[in-house]
Amino acid sequence: MDHSTNHRVVLNELQPKVPQGDELEMCSELVNFVVRRSLRLTREIQRYAGEREDLAPTSSRLALAFAGIVANEAIDWVRRWPR
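All of the points below concern the structure found in this document. Everything quoted here is computed from the prediction, not taken from an experiment.

## Things to note about the pattern of salt bridges
Phase 1 of the analysis: Per the stated rule, a full pass over the model turns up 4 salt bridges.
Phase 2 of the analysis: Note that Arg47 is salt-bridged to Glu51, the shortest N-O span being 3.3 Å. Remark: Glu51 and Arg47 occur in helix α2 (residues 24-51); sequence separation between them is 4 residues, near one turn of the helix.
Phase 3 of the analysis: With its nearest N and O atoms 3.1 Å apart, the salt bridge here joins Glu51 to Arg52.
Phase 4 of the analysis: Using a relative accessible area of 34% as the deciding quantity, one classes Arg52 as partly exposed.
Phase 5 of the analysis: Among the charged side chains, a network of salt bridges with common partners joins Arg47, Glu51 and Arg52.

So this is what it looks like as structure tokens:
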């Protein structure tokens, strides 16, 4: 899957609603920003840890575990969005 569209897939599947009193465009921008940045951070950690795996295998695995936490939390954050 193209990583640049990951956040759209997540948001399309979960379909967060616009909370009452919030402007649609600003709400969408905010949700997209958070999810997009979280997934970018995840990819950057994965890349960085992968480049250091030979010399720091345990630390790399711990960094990858953290990347997974960030990605999962971003998705869970959207799931917890008001309905």
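From this point, the narrative continues.
## Some words on helix α3 (residues 57-79)
Phase 1 of the analysis: For α3, which comprises 23 residues, the first-to-last C-alpha distance of 33 Å matches the rise-based estimate of 33 Å (1.5 Å per residue) to within 8%.
Phase 2 of the analysis: Here α3 has its buried residues at Ser60, Ala67, Val70, Ala71, Ala74 and Val78.

## Quick notes on a nonpolar patch on the surface
Phase 1 of the analysis: Judged by side-chain polarity, Leu41, Phe66 and Ile69 come together as a nonpolar surface patch covering roughly 290 Å² of accessible area.
Phase 2 of the analysis: Within the fold, Ile69 resides in helix α3.

## Focus: the side chain of Ser38
Phase 1 of the analysis: In this fold, Ser38 is placed in helix α2.
Phase 2 of the analysis: Those residues in contact with Ser38 that lie beyond four places of it in its chain are Val70 and Ala74.

Conventions and cut-offs
Residues numbered from 1 in each chain as written. Predicted model: local features only at pLDDT ≥ 70, side-chain atom pairs only at ≥ 80, totals over all residues. Heavy atoms only, no water. Salt bridge = Lys/Arg side-chain N within 4 Å of Asp/Glu carboxyl O. Helix = DSSP H or I, 4+ residues; strand = E, 2+ residues; numbered from the N terminus. Buried < 20%, exposed > 50% of the residue type's maximum accessible area, 1.4 Å probe, protein only. Expected span 1.5 Å × (residues − 1). Patch = residues over 30% accessible without salt bridge, like charges linked within 9 Å, V, L, I, M, F, W, Y side chains within 5 Å. Areas by Shrake-Rupley, 256 points an atom, 1.4 Å probe, with all protein chains shown as cover. Contact = heavy atoms within 4.5 Å.

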